[in-house]
Amino acid sequence: MNPNLIRRKRILRAQAFLIHSAALFPAILLLADGLLGNLSVNPIQQAVQRTGRIAISLLVATLTVRPLAQIGRWQALLAQRRTLGLYTFGYALLHAILFLVVDYRLALSLILREFIEKPYLWFGVGAFAILLPLAITSFRYWMRKLGKNWKRLHRLLYLAAIFAVLHYGWAVKGDFLTLRGEVLRPWLYALSVAFLLAWRLWTTLLQRRQKLRRSAS
Ligand code: HEM
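Residues numbered from 1 in each chain as written. Predicted model: local features only at pLDDT ≥ 70, side-chain atom pairs only at ≥ 80, totals over all residues.

K.L.:
Quick question: what am I supposed to make of the overall build of the chain here?
P.N.:
Regarding its fold elements, the chain presents nine helices and two strands. For the chain, the α and β elements follow one another from N to C terminus as α-α-α-α-α-α-α-α-β-β-α. Overall, the C-alpha framework of the chain stretches about 65 × 40 × 35 Å when taken along its three principal axes. Within the chain, buried positions represent 23% of all 217 residues. Intrachain contacts of the chain at a sequence separation of at least 6 include 61% that bridge at least 24 residues. (Helix = DSSP H or I, 4+ residues; strand = E, 2+ residues; numbered from the N terminus. Buried ≥ 20, exposed ≤ 12 C-beta atoms within 10 Å, placed from the backbone. Contact = placed C-beta atoms within 7 Å.)

K.L.:
Would you explain the nonpolar core in this entry?
P.N.:
Most often, soluble globular proteins have nonpolar side chains that are buried together. Within the largest apolar cluster, 32 residues are counted, with the highest numbers of intra-cluster contacts made by Leu58, Leu59, Ala160, Ala161 and Ala164. Those elements giving two or more residues to this core turn out to be helix H1 (3-35), helix H2 (43-72), helix H3 (81-103), helix H5 (120-136) and helix H8 (157-171). Among the elements that make up this core, the one with the highest residue count is H2 (ten residues). With near-sequence residues (within four places) excluded, Leu58 lies in contact with Ala23, Leu84, Tyr87, Thr88 and Tyr91. (Core = buried A, V, L, I, M, F, W, Y, C linked by C-beta atoms within 7 Å.)

K.L.:
Sorry if this is basic, but what is going on with the site of the ligand here?
P.N.:
The full set close to the ligand counts 24 residues, and Gly52, Ala55, Ala96, Gly124 and Ala127 are the nearest of them. For the shell around the ligand, the secondary structure elements donating two or more residues are H2, H3, H5 and H8. The element best represented in the shell around the ligand is H2, accounting for eight residues. (Near = placed C-beta within 6 Å.)

K.L.:
Got a minute to help me understand H8 in this structure?
P.N.:
Think of an α-helix as 3.6 residues a turn; residues three or four steps apart then line up on the same face. Over its 15 residues, H8 runs 21 Å from end to end, which matches the ideal 21 Å to within 8%, given 1.5 Å per residue. The complete set of buried residues in H8 reads Leu157, Ala160, Ala161, Phe163, Ala164, Val165, His167, Tyr168, Gly169 and Trp170. Contacts made by the buried residues of H8 are with H2, H5, helix H7 (148-154) and helix H9 (184-216). (Expected span 1.5 Å × (residues − 1).)

Written out as structure tokens, the structure reads:
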């Protein structure tokens, strides 16, 4: 077999191993803390918060793959985007199940009251409503079936990230806008998403310009 192909396969396998380990570790830690009774006086609330934070971290990690691949010329890294995206969806689903099923036992009137009293929940639902079709269509079959629309659809991940940041910033105790309270972490996510979005727009603009120049010459 071609030595370059063997090397590429090894790199892909090592990357996949690292990504699966890093993404599964917080779930194992959460399970261990739950079983050992280390989840504070309100274990369900802590589990909801922790899964939410893991989901948003993985969402930002998924968006970071593209600039990393471009800056470091690590094209092989792009193959790991789907794995990270699916883990993001998995933790977001667990987060929603813990809140809606485990905490509120699907009591619709109570859940509705929460949604009226805590409008930040709508942003969580908005982010989740985007992550769901992206997870379903992340497979090759859908890539082929949707053609150019696949890329358009998957650009919505940036919108999901904006919704998730608003959901986070509004959920924590404090004031996201006047910088009072526990807002440092949500702000770090907000700045990361803003940077990643700006990077995406800038590089897309540059690529389009290069294409135009090439077709003109
Ligand atoms: C159906 C969708 C969702 C529901 C019902 C939901 C529900 C909640 C609730 C109830 C909280 C507050 C927990 C508390 O402090 O007591 C919360 C916080 C949070 N959620 Fe969600 N969420 C949803 C989707 C998402 C998604 C898609 C993400 C990220 C990708 C996310 C990330 C977070 C984060 C980061 C927090 C703050 C955790 C903290 O306080 O440290 N949520 N969510």
